[in-house]
Amino acid sequence: MSVLGDKIKNQYINLASSDNEKFYSYLSKISESEAITIYVYYDEGDNNFVNLYSTSLGIEIADFTNSLDRFSEYTSRITENNPVIFISSNENNDLMYYGGYLDTRDFVISNGYVIKECNVYFFLEDVIQPFATDFTLTNIMMGIALFISFILATVMSLFISYRISRPLQKISQQAKILASGNYDFIFDETGYLETVELGKSLNEMRNELAKTSKLQRQLISNISHDLRTPLTLIRSYAEMVRDLSYANDEKRTTHLNIIIDETDRLTNLVNDILTLSKLESGITKMDITYFSLSDLMLQIINRFEILTQRDSYEFITSIDKDVTINADRKKVEVAIYNLIANACNYTGEDKKVYINLSYDDGALVEIKDTGIGISIEDIDNIWNRYYRSSDLHKRAQIGTGLGLSIVKEIFEAHGFSYGVKSNDEHGSNFWFKINM
Ligand code: ADP
């Protein structure tokens, strides 16, 4: 400090007397590089205070000419809050201190350095120390804050990971149970939003898997049942022909006809299974052509003519002419054929079947019968494979239990709208519409 003080004193002798501005800028530089505040106090003697300069403010802050009282009061006020010391001389040219710490000479010496040159006093205030003290305090506070944040963060992350990982662990255990083919549980839907969502999606998946697995089991049992029945009949009648009726022409023919009928039933069943599995797996490509739906429907109705002659069926038709559509002709044919076959199977005693084709904003095909209809409980299920309504006692003559599933696959592949209107006792109206 004393070396610095001497430097400042020399600069003052060289500069300030001639150029105050240059001297002040020199003081500013020193104050910045040494991290101190320098106060300059001019005393013209006999308590004749001219003004005060501070490098921290960079200005001459007051003019106290001839007013020691005002200077004293001013410095006291400032030093109440700041460790600032102003220096003047008394009549004997000794140093005098004004301000908050005037009595504490030791403090002055340890924190600052006073130089007197002519009538100018410099006070060099070391700002490092208070700053360093503050810094240490700040360090400690920051350390405490860091420590608290660390603890908080740890607690929070433990809490969050517990809330997230627990349901995830549970879900993963349940997924293993699901993988083993057990669907009799519900995935956990607790925890955070994402795990709740995951639980919900997995529950939906579980429901679908349970349904598929149930359908698969039903399908296998239905197929085996439907295969076994004709096979048993074929074997029994074949044995009867071999052991009993081979010599009796009439009986043998009857028995052989049953064998042929059952073989046809088997062939139909196997064909339907193949058609459906091909449609479902998407193996069969769509062969879209532009053709007359009116002509196609008339051709199909013709194929059922045999039922009119043989079994007194009555087909009441209303077919709009020249309705042409873009579709896979063969598949649409299969669908219409299946719907008419069903209508024949399930129509009432009058054996009437109504077949309509009308054209408005699209081609609408309707196939109605006069049978017992389909109950509300069954209506959504009849499109499922092998579904048979519970209140139908009559065994389908032509059907395999797959007809409507095939129809559904065909309509959906084309994007046709379709459905069935039915009331108990009032017959069913199966329809599909090709929008154009
Ligand atoms: P299938 O007729 O060989 O049993 P389908 O898939 O064609 O198989 O039909 C599924 C079920 O829908 C039928 O078993 C029957 O219960 C019901 N169903 C279909 N068509 C009709 C209809 N026209 N009237 C009443 N019930 C019908």
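Bear in mind that the values here come from a model prediction, so they are computed numbers and not experimental data.

1. With respect to the overall build of the chain
Next up, step 1: Scanning the chain from terminus to terminus reveals twelve helices and 14 strands.
Next up, step 2: In the chain, which comprises 436 residues, the share counted as buried stands at 37%.
Next up, step 3: Restricting to contacts in the chain with at least 6 residues of sequence separation, those with at least 24 account for 59%.
Next up, step 4: When the accessible surface of the chain is summed, it comes to about 25,900 Å², and 54% of that surface belongs to carbon and sulfur atoms.

2. Some words on the side chain of Thr195
Next up, step 1: Note that Thr195 resides in helix α6 (residues 193-243).
Next up, step 2: Not counting the four nearest positions on each side in its chain, Thr195 is found in contact with Ile164, Pro167, Leu168, Ile171, Asp188 and Thr190.

3. With respect to the environment of Thr289
Next up, step 1: When you line up the elements, Thr289 lands in strand β8 (residues 288-292).
Next up, step 2: Among the residues examined, Thr289 registers a relative accessible area of 33% and is labelled partly exposed.
Next up, step 3: With near-sequence residues (within four places) excluded, Thr289 lies in contact with Ile325, Asn326, Ala327 and Arg329.

4. What to know about a negative patch on the surface
Next up, step 1: Taken together, the side chains of Glu189, Glu194, Glu197 and Glu204 present a region of like negative charge at the surface.
Next up, step 2: Mapped onto the fold, Glu204 is located in helix α6.

5. Observations regarding the nonpolar core
Next up, step 1: Core analysis: the largest hydrophobic core is formed by 49 residues, its most contacted members being Leu293, Ile336, Ile340, Ile355 and Ile367.
Next up, step 2: Here this core takes eight residues from helix α10 (residues 329-346), the largest share from any one element.
Next up, step 3: Ignoring any residue separated from it by four or fewer positions in sequence, one finds Ile355 in contact with Met297, Ile301, Phe315, Ile316, Thr317, Ser318, Ile319, Ile340, Glu366 and Ile367.
Next up, step 4: Membership of the second largest hydrophobic core comes to six residues, among which are Ile8, Phe23, Tyr26 and Ile30.

6. Observations regarding a nonpolar patch on the surface
Next up, step 1: Residues Ile140, Ile144, Phe147, Ile148, Phe150, Ile151, Leu152 and Val155 make up a contiguous nonpolar surface patch of roughly 810 Å² in combined accessible area.
Next up, step 2: Within the secondary structure layout, Ile151 lies in helix α5 (residues 128-179).

7. A few points about unusual backbone geometry
With glycine set apart, most residues show a phi of negative sign, and most peptide bonds adopt trans.
Next up, step 1: In this model, Ser312 sits at a positive phi of 60 degrees, which is unusual for a non-glycine residue.
Next up, step 2: With respect to the secondary-structure elements, Ser312 resides in the loop between α9 (305-311) and β9 (314-319).
Next up, step 3: Residue Asp322 is not a glycine yet carries a positive backbone phi of 55 degrees.
Next up, step 4: Mapping Asp322 onto the fold places it in the loop between β9 and β10 (324-328).

8. Some remarks on α10
Next up, step 1: Taking 1.5 Å per residue, 18 residues should reach 26 Å; α10 reaches 26 Å between its end C-alpha atoms and fits that length.
Next up, step 2: All of the buried residues in α10 are Lys331, Val332, Ala335, Ile336, Asn338, Leu339, Ile340, Ala341, Asn342, Ala343, Cys344 and Asn345.
Next up, step 3: Between a side-chain oxygen at the N-terminus of α10 and the backbone nitrogen of Lys330 the separation is 3.3 Å; the capping residue is Asp328.

9. With respect to the environment of Ala210
Next up, step 1: Mapped onto the secondary structure, Ala210 falls in helix α6.
Next up, step 2: Along the sequence, Ala210 and Asp184 sit 26 residues apart, while their C-alpha atoms lie 8.8 Å from each other.

10. Looking at the confidence of the model for the chain
Next up, step 1: Per-residue pLDDT for the chain has a mean of 77; in total, 71% of the residues score no lower than 70.
Next up, step 2: The model gives residues 127-132 a pLDDT under 50, and that stretch makes six contacts with residues more than four places away or in other chains.

11. Details of the packing of helix α7 (residues 249-281) against helix α12 (residues 403-414)
Next up, step 1: The interhelical angle for the contact between α7 and α12, taken along N-to-C directions, is 30 degrees, at an axis separation of 10 Å. Comparing the axis directions of α7 and α12 gives the class roughly parallel. The element α7 and its partner α12 pack so that their crossing is left-handed. Here α7 contributes Asp272, Thr275, Leu276, Leu279 and Glu280 to the contact with α12, which in turn contributes Ser405, Ile406, Glu409 and Ile410.

12. Re the packing of aromatic side chains
For any pair of aromatic rings, the description consists of the separation of the ring centres together with the inter-plane angle of the planes.
Next up, step 1: The tally for this structure, following the rule as stated, stands at nine aromatic pairs.
Next up, step 2: Relative to Phe416, the ring of Phe411 has its centre 6.0 Å away and its plane inclined at 45 degrees; by these criteria the two rings are tilted. Of the two residues examined, Phe411 and Phe416, each falls in the buried class.
Next up, step 3: On the numbers, 5.9 Å between centres and 15 degrees between planes, the contact of Phe416 with Phe432 is stacked. You can see Phe416 sitting in the loop between α12 and β13 (417-422) and its partner Phe432 sitting in strand β14 (residues 428-435), a full 16 residues away along the chain.

Here is what the cut-offs are and how they apply
- Residues numbered from 1 in each chain as written.
- Predicted model: local features only at pLDDT ≥ 70, side-chain atom pairs only at ≥ 80, totals over all residues.
- Heavy atoms only, no water.
- Helix = DSSP H or I, 4+ residues; strand = E, 2+ residues; numbered from the N terminus.
- Buried < 20%, exposed > 50% of the residue type's maximum accessible area, 1.4 Å probe, protein only.
- Contact = heavy atoms within 4.5 Å.
- Areas by Shrake-Rupley, 256 points an atom, 1.4 Å probe, with all protein chains shown as cover.
- Patch = residues over 30% accessible without salt bridge, like charges linked within 9 Å, V, L, I, M, F, W, Y side chains within 5 Å.
- Salt bridge = Lys/Arg side-chain N within 4 Å of Asp/Glu carboxyl O.
- Lys, Arg positive; Asp, Glu negative; His and termini not counted.
- Charge placed at Lys NZ, Arg CZ, Asp CG, Glu CD.
- Core = buried A, V, L, I, M, F, W, Y, C linked by side-chain atoms within 4.5 Å.
- Expected span 1.5 Å × (residues − 1).
- Polar contact = N/O pair within 3.5 Å; in protein donor to acceptor, adjacent residues only side chain to side chain.
- pLDDT = per-residue confidence, 0-100.
- Axes fitted to C-alpha atoms, helices over the stretch in contact; angles between N-to-C directions.
- Parallel < 35°, antiparallel > 145°, perpendicular 65-115°, else oblique.
- Left-handed = near helix turned anticlockwise from the far one by under 90°.
- Phe/Tyr/Trp six-rings, centres within 6.5 Å; stacked < 30°, edge-to-face > 60°.

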